[in-house]
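# Structural overview
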Amino acid sequence: TIENRIFRSSYLLKLNKLPEYKTLIDSIITDLEHQKNQPFLLALAYENLSQYYFLRQDYATAIEKLEAGLQLIENLPFNNLKIKIYESLSRNYYALHNDAKYHQYNKLYNDVKTKTDSSSKEGIRYLVKLVETNQNKNIEFQKHLLLRSFWFLILILSLIILVLLTYFLLIKSKNKDLK
């Protein structure tokens, strides 16, 4: 799949196998540009390619690739990829000594990262509360079942005692009749 190929290209980049990496990432981007329905993957591939240009110190081309990727997902809810692109853009502008653009993208990076982290923490709190509520309901249900089974046991034992008592009374009265 394309996802695996992108992962493989990242791995090649980390291994510093730049010629193999470049060939693979270029073929991935070509494939994705023909599909037109995979903006996230294409943006991810562009971000990946920008790392190659950053390593080669071709910051202008890296920025060009990052902005192409950002343009694809700007109005879509892919915040984690936006965070990665904003961070890369700020690093590239920092390397070019473009303070205005560096601060612009660094601020976007911090804002989106803070918002995403806050949402993640809120989601985790909600899940913890949901699990806690579920456990409490489960405990209540188990208590209810235990109470029901206890009363059922008491009823059965009472009936057994009543039947035995009646049986012994009948036997005793038969013994009296026989005498």
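How each quantity is defined
Residues numbered from 1 in each chain as written. Predicted model: local features only at pLDDT ≥ 70, side-chain atom pairs only at ≥ 80, totals over all residues. Heavy atoms only, no water. Helix = DSSP H or I, 4+ residues; strand = E, 2+ residues; numbered from the N terminus. Contact = heavy atoms within 4.5 Å. Buried < 20%, exposed > 50% of the residue type's maximum accessible area, 1.4 Å probe, protein only. Salt bridge = Lys/Arg side-chain N within 4 Å of Asp/Glu carboxyl O. Expected span 1.5 Å × (residues − 1). Axes fitted to C-alpha atoms, helices over the stretch in contact; angles between N-to-C directions. Parallel < 35°, antiparallel > 145°, perpendicular 65-115°, else oblique. Left-handed = near helix turned anticlockwise from the far one by under 90°. Nonpolar A, V, L, I, M, F, W, Y, C, P; charged D, E, K, R; others polar. Core = buried A, V, L, I, M, F, W, Y, C linked by side-chain atoms within 4.5 Å.

### Re the environment of L41
Tracing the backbone shows L41 in helix α3 (residues 39–55). Linking L41 and I29, residues 12 residues apart in sequence, is a C-alpha distance of 8.9 Å. Ignoring any residue separated from it by four or fewer positions in sequence, one finds L41 in contact with I2, E3, I6 and L32.

### Section: the environment of I160
Within the secondary structure layout, I160 lies in helix α6 (residues 99–178). Owing to a relative accessible area of 42%, I160 belongs among the partly exposed residues under this scheme. Between the alpha carbons of I160 and N106 there is a distance of 80 Å; along the sequence they are 54 residues apart.

### Things to note about the pattern of salt bridges
Note on pairing: side chains with opposite charge can pair once their charged atoms come close. All told, the structure shown has five salt bridges when counted by the stated rule. Ionic pairing is found between D31 and R5, a salt bridge with its closest N-O pair at 2.8 Å. Separated by 26 residues along the polypeptide, D31 in helix α2 (residues 18–35) and R5 in helix α1 (residues 2–14) bring together distant segments of the chain. For D31, a relative accessible area of 33% translates into the label partly exposed.

### As for helix α4 (residues 59–73)
The terminal C-alpha atoms of α4 lie 21 Å apart, and with 15 residues this matches the ideal 21 Å at 1.5 Å per residue to within 8%. Of the residues making up α4, those classed as buried are Y59, T61, A62, I63, K65, L66, G69, L70 and I73.

### Re the packing of α4 against helix α5 (residues 79–95)
Across the interface, α4 lies against α5 with an axial gap of 10 Å and an inter-helix angle of 155°. Considering the angle they form, α4 stands roughly antiparallel to α5. The handedness of the crossing between α4 and α5 comes out as left-handed. Note on element contacts: α5 touches α4 through L81, K82, I85, Y86, S88, L89, N92, Y93 and A95, opposite Y59, A62, I63, L66, E67, G69, L70 and I73. Its residues assigned to classes, the contact of α4 with α5 comprises 12 nonpolar, three polar and two charged.

### Examining unusual backbone geometry
Positive phi, normally seen in glycine, also occurs at N16, with a value near 65°. Along the polypeptide, N16 turns up in the loop between α1 and α2. A relative accessible area of 53% means that N16 is categorised as exposed. Residues other than glycine seldom take positive phi values, yet H97 does so here, at roughly 60°. Inspection of the secondary structure assignment puts H97 in the loop between α5 and α6. Overall, H97 belongs to the exposed group, its relative accessible area being 69%.

### Some details on the nonpolar core
The biggest cluster of nonpolar side chains holds 33 residues, and the ones touching the most others in it are I6, I28, L32 and L89. Those elements giving two or more residues to this core turn out to be α1, α2, α3, α4, α5 and α6. Top contributing element to this core by residue count: α3, with nine residues. If we ignore the near neighbours within four places in the chain, the residues touching L89 are I63, L66, E67, L70 and Y105.

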